[in-house]
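Examining the three-dimensional arrangement
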Amino acid sequence: MTTNDGSPHPPSFMLAALGAVVFVSLIITGDAITSVMTATNVIEVPNASPLIPIVAIGAATVVWGLIVIRGIRRRGSFGTATIAGLLASLAYLAGLFFSSLGSGIAAAAVVTHNMVNGYTLVVLIAGVVTAAATLALSRASGETPQWPWEQHSDDDE
């Protein structure tokens with residue numbers, strides 16, 4: 001039989017990776033719902049590259065992940081989650097802008113469209129929610145949760 005003398009918590013990069021998967025999934029789902037609700041596309045500019053939103057989501061995910069890893073190591077709170085969401089949405093806008101410049105289209109039009117139609121708000125909400133959940137998971141004790149009356153001691157036998 002082997003014993004684990006290490007910490008019961010998974011490494012911070014593993015928690016951040018799991019949170020990042022959920023973050024990206026929420027952005028994609030939220031963008032789809034926003035697209036249906038507003039009857040617009042994520043990128044409305046003609047001849048735009050399909051890589052523009054991919055670069056933007058990638059930039060947002062990298063920034064989100066760096067802040068969450070730092071937050072896990074420093075036992076961050078909801079304030080850290082809010083900062084992660086805000087900076088991820090700014091990175092999303094920067095990714096849209098700079099990848100649009102490379103496509104030769106009006107970068108300001110792409111960024112403005114995303115801000116006005118709520119796509120950036122989706123990134124903000126997804127960033128805050130997933131960062132808060134990831135930070136809460138990192139603070140968990142690693143044991144099976146039990147009600148106070150379910151805890152057994154050696155005297156109960």
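Residues numbered from 1 in each chain as written. Predicted model: local features only at pLDDT ≥ 70, side-chain atom pairs only at ≥ 80, totals over all residues. Heavy atoms only, no water.

**Topic: the overall build of the chain**
- From N to C terminus, the chain includes five helices and zero strands.
- For the chain, the proportion of its 157 residues judged to be buried stands at 38%.
- Residue pairs in contact within the chain that sit at least 24 positions apart in sequence constitute 84% of those at least 6 positions apart. (Helix = DSSP H or I, 4+ residues; strand = E, 2+ residues; numbered from the N terminus. Buried < 20%, exposed > 50% of the residue type's maximum accessible area, 1.4 Å probe, protein only. Contact = heavy atoms within 4.5 Å.)

**Describing the environment of Ala 94**
- With respect to the helices and strands, the residue Ala 94 is situated in helix α3 (residues 78-103).
- Along the chain, Ala 94 and Val 111 lie 17 residues apart, while their C-alpha atoms are 8.4 Å from each other.

**Brief notes about the packing of helix α1 (residues 12-38) against helix α2 (residues 51-73)**
- Where α1 meets α2, the axes come as close as 9 Å, and the angle between the chain directions of the two elements is 145°. Between α1 and α2 lies a crossing of right-handed hand. Taken together, the residues of α2 that come into contact with α1 (itself represented by Ser 12, Phe 13, Leu 15, Ala 16, Gly 19, Ala 20, Phe 23, Val 24 and Ile 27) are Ile 57, Ala 60, Thr 61, Trp 64, Gly 65, Val 68, Ile 69, Ile 72 and Arg 73.
- Tallied by class, the residues present in the contact of α1 with α2 amount to 13 nonpolar, four polar and one charged. (Axes fitted to C-alpha atoms, helices over the stretch in contact; angles between N-to-C directions. Left-handed = near helix turned anticlockwise from the far one by under 90°. Nonpolar A, V, L, I, M, F, W, Y, C, P; charged D, E, K, R; others polar.)

**Brief notes about the packing of aromatic side chains**
- Scanning all chains against the criterion turns up two aromatic pairs.
- Between Phe 23 and Trp 64, the ring centres sit 5.2 Å apart and the planes meet at 10°, which makes this aromatic pair stacked. Residue Phe 23 is located in helix α1, and its partner Trp 64 is located in helix α2; the two are separated by 41 residues in the primary sequence.
- For Phe 23, a relative accessible area of 0% corresponds to the buried category.
- Judged by relative accessible area, Trp 64 falls into the buried class, the value being 0%.
- With a centroid separation of 5.4 Å and an interplanar angle of 85°, the aromatic rings of Phe 97 and Phe 98 are classed as edge-to-face. (Phe/Tyr/Trp six-rings, centres within 6.5 Å; stacked < 30°, edge-to-face > 60°.)

**Notes on the environment of Ser 77**
- For Ser 77, the position within the fold is in the loop between α2 and α3.
- The sequence separation of Ser 77 and Ala 136 amounts to 59 residues, and the corresponding C-alpha distance is 8.0 Å.

**Description of the confidence of the model for the chain**
- Looking at the chain as a whole, the pLDDT averages 84, with 85% of positions reaching at least 70.
- When mean pLDDT is taken per element in the chain, α2 scores highest with 93 and helix α4 (residues 107-116) scores lowest with 84. (pLDDT = per-residue confidence, 0-100.)

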